[in-house]
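Below are the chains, spelled out letter by letter.
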Amino acid sequence: MQQIDWANLPFGYSDSDYNVRCYYRNGAWGKIEVSSSSVINMHMAATCLHYGQEGFEGLKAYTGKDGKVRLFRCEENAKRMQNTADRVLMAAPPVDLFREMVHQVVKLNARFVPPYGYGATLYIRPLLIGTSPEVGVRPSEEYVLLMFVVPVGPYFKAGFKPVDMMICRDFDRAAPLGTGTVKVGGNYAASLQSLELAKKLGFSSTIYLDAKEKKYIDECGPANFFGIKDNHYITPKSSSILPSITNKSLQQLAEHLGYVVERRPVPFEELSEFEETAECGTAAVITPIKKIVDPVTNTTFNYGDGVNAGPVCTRLYKEYTAIQFGEKPDLFGWTEVIDL
Ligand code: PLP
Ligand code: COI
């Protein structure tokens, strides 16, 4: 059996033992099936391949200090997948089916759940695809909901260390009335060119501006943005960003810790006023930002001492991850224990 190096896990794909699948046929979801194959056998004219009828989710299971394995806000991911399904006319999986599949796939792959103490987690990737053959542009009649898992380390190699970001003005990730608020693969395809360009220039990721006016901050690659100023937690309200479950939870936590939460359009110029900035998401957790560069206007914004995360980001990170790893009581009812 392969030995897993828990301390040095990348955020990348590796095989596990099993995945779970559920098929939607004749207007109904079937029974959950367990597979040990990482291959999907599918019609070449499937709608997911041609017309982007595809949506996915990302959530994590955490081994706590007490040895119990916890899921974080699974129901929120289930509801977001339903919104995604509705937006691109796919069959929406019921929340209970989604939850049952998450529990099953974690249990079946229990040996891949990283132990407590490494900061590593089990990343769960639910995927929903349209599988019926179509040539005309119309929705599929059949769907598969599939879930696999991978043990992962931090999304950015350095972990909780500040990164550099590049403002992206040459490409939009999503349009105001487009699909930015849901998790379809097309949004990520639209982001690839700008992300590659940013990486080539030495940045960790990109910050997108609103597509219509290019005046407001939208989000950061595959994560939301927030800034801290005068004990205020400020995060963009926009019709083209993905509603991040991490961001929603951090807003609740920040309020609980005595910060004032503002969710509103964030003008580009306000970047000069923040004391701290960060991106947040399941994969990124909280990743502080030390520098934001706009190559087009030749503007640079610097945060903190350029080496360490600022005090508010550090406090939020510690409190947030302490709940996920069962080190502190979950006052918000965010976690559920998986009966392994
Ligand atoms: N924004 C985008 C585009 C994402 O892909 C993600 C990741 O899911 C997020 C934000 C963060 O969302 P969450 O906190 O629910 O993982
Ligand atoms: C997540 O945070 O779960 C994401 O979906 C990011 C992923 C696209 C890498």
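Here is what the cut-offs are and how they apply
- Starting from 1, residues in each chain are numbered consecutively following that chain's sequence as written.
- As they are written, the chains are lettered A onward and the ligands numbered 1 onward, keeping that order.
- Where local features are concerned, this predicted model is filtered to residues with pLDDT of at least 70; where side-chain atom pairs are given and counted, the filter is 80 or more; whole-chain, interface and lining totals use all residues.
- Labels follow the DSSP assignment, with helices taken as runs of H or I lasting at least four residues and strands as runs of E lasting at least two, numbered in each case from the N terminus.
- Here the expected length of a helix is defined as 1.5 Å per residue gap, with one fewer gap than residues.
- Here a residue counts as buried when 20 or more other C-beta atoms sit within 10 Å of its C-beta, as exposed when there are 12 or fewer, and as partly exposed otherwise, the C-beta atoms being derived from the backbone.
- To get the bend at any residue, fit one axis to the seven residues that end at it and another to the seven that begin at it, then take the angle between the two axes.
- Contact definition: two residues whose C-beta atoms, as placed from backbone geometry, lie within 7 Å.
- The pLDDT value expresses, per residue, how confident the predictor is, ranging between 0 and 100.
- Paired strands are those between which DSSP finds at least two bridges.
- Orientation is described by lines fitted to C-alpha atoms, with helices fitted over the stretch in contact, and by angles between N-to-C directions that extend from 0 to 180 degrees.
- Just so you know how the angles are binned, under 35 degrees is roughly parallel, over 145 roughly antiparallel, 65 to 115 roughly perpendicular, and the rest oblique.
- By convention the crossing between two helices is left-handed if the near helix lies anticlockwise of the far one by an angle smaller than a right angle, and right-handed if it lies clockwise.

(A) Local environment of helix α5 (residues 245–256). The terminal C-alpha atoms of α5 lie 17 Å apart, and with twelve residues this matches the ideal 16 Å at 1.5 Å per residue to within 8%. Of the residues making up α5, those classed as buried are Ile245, Thr246, Asn247, Leu250, Leu253 and Ala254. Following α5 by one or two positions, Gly258 adopts a phi angle in the positive range, close to 100°.

(B) Spatial organisation of helix α4 (residues 185–200). Between the first and last C-alpha of α4 there are 23 Å, a value that for 16 residues agrees with the 22 Å anticipated at 1.5 Å per step. The largest bend along α4 reaches roughly 40° and is located at Leu192. The complete set of buried residues in α4 reads Ser191, Ser194, Leu195 and Ala198. Buried-residue contacts for α4 involve β9 (163–168) and β10 (205–209). Once α4 finishes, Gly202 follows within two positions and takes phi at roughly 95°, a positive value.

(C) Representation of the confidence of the model for the protein chain in the model. On average, the protein chain scores 97 in pLDDT, and the residues at 70 or more come to 99%. Predicted confidence in the protein chain is weakest over strand β11 (residues 217–220), with a mean pLDDT of 96, and strongest over strand β1 (residues 19–25), with 99.

(D) Broad picture of the pairing of strand β16 (residues 285–294). Of all ten residues making up β16, eight are buried, and the element is well covered by its neighbours. Pairing geometry for β9 and β16, over four bridges, is parallel. Bridge pairing in β16 links Met166 to Val293. As judged from the five bridges shared by strand β15 (residues 276–281) and β16, these two strands associate in the antiparallel manner. Bridge pairing in β16 links Thr277 to Ile289. Linking β15 back to β16 in an antiparallel pair, the connection comprises three residues.

(E) Main features of the packing of helix α2 (residues 74–87) against helix α3 (residues 95–108). Where α2 contacts α3, the axes come no closer than 9 Å and their chain directions differ by 125°. Classed by the angle they form, the pair α2 and α3 counts as oblique. When the axes of α2 and α3 are compared, the crossing they make is right-handed. Touching Cys74, Glu75, Ala78, Lys79 and Met81 of α2 are Val95, Phe98, Arg99 and Val102, all from α3.

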